[in-house]
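# Fold and contact review
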Amino acid sequence: MDKQLLIEIEQLRGKMVEKAMKKKTFVHREVLQLSQMLDELIVREQVLRARAVK
């Protein structure tokens with residue numbers, strides 16, 4: 001498991017939530033962009049985890 005990747009995920013999650021609170025919506029363009037970036041990191045982490053199990 002890549003600890004740096006997990007740190008990046010948590011940091012990006014915090015940034016996304018902070019932006020959503022500032023914009024007062026989760027559907028603002030900037031929040032959605034952060035969410036998509038977060039999704040990509042989460043998928044990467046899941047792939048790494050799946051490979052480690054094999």
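Attention here is on the structure that accompanies the text. Treat the numbers as computed from the prediction; the structure is a model and nothing was measured.

### Examining the pattern of salt bridges
- One pass over the full model with this rule turns up three salt bridges.
- Ionic pairing is found between Glu-30 and Lys-19, a salt bridge with its closest N-O pair at 2.9 Å. In this pair, Glu-30 sits in helix α2 (residues 29-53) while Lys-19 sits in helix α1 (residues 3-23), placing the two residues 11 residues apart along the sequence.
- For Glu-30, a relative accessible area of 23% translates into the label partly exposed.

### Digging into α1
- Helix length check: α1, at 21 residues, gives a terminal C-alpha distance of 30 Å against a target of 30 Å (1.5 Å per residue), a fit within 8%.
- Among all positions of α1, only Leu-5, Ile-9, Leu-12, Met-16 and Ala-20 are buried. Take α1 and look down its axis: the buried residues cluster within an arc of 75°, on one side only. Facing away from the buried surface of α1 by more than 90 degrees, the exposed residues are Lys-3, Gln-11, Lys-15, Glu-18, Met-21 and Lys-22.
- Buried-residue contacts for α1 involve α2.
- You can read the cap of α1 off the contacts: a side-chain oxygen lies 3.0 Å from the backbone nitrogen of Gln-4, and it is on Asp-2.
- Two residues or fewer after α1 comes Lys-24, characterised by a positive phi angle close to 60°.

What counts, and where the lines are drawn
- Residues numbered from 1 in each chain as written.
- Predicted model: local features only at pLDDT ≥ 70, side-chain atom pairs only at ≥ 80, totals over all residues.
- Heavy atoms only, no water.
- Salt bridge = Lys/Arg side-chain N within 4 Å of Asp/Glu carboxyl O.
- Helix = DSSP H or I, 4+ residues; strand = E, 2+ residues; numbered from the N terminus.
- Buried < 20%, exposed > 50% of the residue type's maximum accessible area, 1.4 Å probe, protein only.
- Expected span 1.5 Å × (residues − 1).
- Arc of directions from axis to C-beta.
- Contact = heavy atoms within 4.5 Å.
- Polar contact = N/O pair within 3.5 Å; in protein donor to acceptor, adjacent residues only side chain to side chain.

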